[in-house]
Amino acid sequence: MKQPDNLFRQTANIATPGLVIMEPVLEKNIRHIHAYADAHGFRVRPHVKTHKSRCITRMQMAAGAYGIAVAKAGEAKALTEKPGTDITVAYPALGDERIKTIAELAARHTVRVAADDVYLMDRLAETALAHHATIGILIIYDAGLHRCGTAVADEMAFLARRAQNTPGLRYDGIQLYLGHLYGDTARSPESFDKINAMWGPAYQALCRAGLEPATVSSGSSPSLFNTHKINHVNEIRVGTAYLNDYFELKFGHCTLDKCAGRIIATVISDKVPGQVIIDAGSKALSAKQLLRHEKMEMGYVCEYPNARIFRLHEEHGWVDVSHCKTPPGLGQRISIIPVNMALCMNLFNDFILLKKDGTMVKESIQARGCLI
């Protein structure tokens, strides 16, 4: 499926490499996510680490999002515009500067942090009290990725009780992350049966201890539309699925028409037979790779599905066009779906929002580079 020619007509005057977000596709994805959430009684919490943009955050909140999730405290500081925003810092935010920023935010907003250890909780409590604030805690349940959290019911209950009884903290519930499910595993009933077999007893143990979680928040785009198969979930954290990328496309979690973002690049050399060089390198596409047909790829060229971006330097991309019937020529523009949209959003200062009426608006990426 080729990208419509009007994309290039509309973006003919933007410099390349350029980042374009197509508003109609983004809005369609937002509606799809909320329709799914409404059907299953889920709150929607956009994970703004994917786009790091106030413009897109506003669109998500206007659609009925309950609050936002962030990967870094700095993202919350950059993107929250109204007092009282509901914010989840969705990872164990250790570090003095992070914790200080979280406590400052908690004085003006509803803030919670995902945690899996008493050490972090005690640091959060101490700093929250110093700022006359309260920080909520979501205990991280390890659903199978084995990155953070615990699946041991007694440990979960201990941590939850500690949050409940510690001044400066508030026990808000449980957080799950299903990052180990993608491709066939994200669609297989057995994957969710396996999670429920351990999660169900842990949830019941919390309830018996008087620690029934008010929030059970689950995230990960590949398995997003199967979240209802996980028992007791009442909130979905959604990041990549708003924009989608080549990872989602390759593993069958979206279709091409649901990929909202493109990197527009120009062919700047065709001296080597069967190969062209583009002006988008790792500083535009990131160096993220995918394996397809036993060959590495670093982006999907919409107009030339048989082309393969196989190598990136900082400013240049190598594209194998030997299997293209009519390969792109010198000076021609191509549009690329990046392997990881979130990485690309963090590489640009701004993006072009291509609106429904064909007009273009330059939007800043305010939280770009927020690593703390």
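Scroll up a little and you will see the structure.
This section reports on the structure supplied with the text.

**Regarding the packing of helix 2 (residues 23–40) against helix 3 (residues 54–62)**
Link 1 in the chain: Between helix 2 and helix 3, whose axes approach to 10 Å, the crossing angle comes to 40°. The pairing of helix 2 with helix 3 is recorded here as oblique in orientation. Note on packing geometry: the crossing formed by helix 2 with helix 3 is right-handed. Between helix 2 and helix 3, the residues in contact are E23, L26, E27, I30 and H34 and I56, M59 and Q60, respectively.

**Remarks on the packing of aromatic side chains**
The geometry of an aromatic ring pair comes down to the distance between the two centres and the angle between the two planes.
Link 1 in the chain: On inspection of all chains with the given rule, the structure shows eight aromatic pairs.
Link 2 in the chain: Pairing Y36 with F225 gives two aromatic rings, centres 5.2 Å apart and planes at 80°, and the pair type is edge-to-face. In this pair, Y36 is assigned in helix 2 and F225 in the loop between strand 8 (215–219) and strand 9 (235–238), connecting sequence segments 189 residues apart.
Link 3 in the chain: Through successive ring pairs, a cluster of aromatic residues spans Y36, F42 and F225.
Link 4 in the chain: For the cation-ring pair, R43 lies above Y66, with the distance from its terminal atom to the ring centre recorded as 4.5 Å.
Link 5 in the chain: Positioned over the ring face of Y119 is R123, at 4.8 Å from the centre of the ring.

**What about the pattern of salt bridges?**
Link 1 in the chain: For the structure shown, the criterion picks out 17 salt bridges.
Link 2 in the chain: E104 is the salt-bridge partner of K100, the closest N and O atoms lying 2.6 Å from each other. One end of the pair is K100 and the other is E104, both in helix 5 (residues 96–106) and four residues apart, which spans about a single turn.
Link 3 in the chain: Judged by its relative accessible area of 37%, K100 is partly exposed.
Link 4 in the chain: In this structure, the salt-bridge partner of K283 is E314, at a minimum N-O distance of 3.0 Å. One end of the pair, K283, is in helix 10 (residues 282–285); the other, E314, is in the loop between strand 15 (308–312) and strand 16 (317–320), with 31 residues separating them in the sequence.
Link 5 in the chain: According to the relative accessible area criterion, K283 is partly exposed, its value standing at 46%.
Link 6 in the chain: Note on E314: relative accessible area 47%, which makes it partly exposed.
Link 7 in the chain: Here the salt bridges share partners, and the residues they tie into one network are R43, R45, D86, R112, R170, D172 and E235.

How each quantity is defined
Residues numbered from 1 in each chain as written. Predicted model: local features only at pLDDT ≥ 70, side-chain atom pairs only at ≥ 80, totals over all residues. Heavy atoms only, no water. Axes fitted to C-alpha atoms, helices over the stretch in contact; angles between N-to-C directions. Helix = DSSP H or I, 4+ residues; strand = E, 2+ residues; numbered from the N terminus. Parallel < 35°, antiparallel > 145°, perpendicular 65-115°, else oblique. Left-handed = near helix turned anticlockwise from the far one by under 90°. Contact = heavy atoms within 4.5 Å. Phe/Tyr/Trp six-rings, centres within 6.5 Å; stacked < 30°, edge-to-face > 60°. Lys NZ or Arg CZ within 6 Å of the ring centre and 35° of its normal. Salt bridge = Lys/Arg side-chain N within 4 Å of Asp/Glu carboxyl O. Buried < 20%, exposed > 50% of the residue type's maximum accessible area, 1.4 Å probe, protein only.

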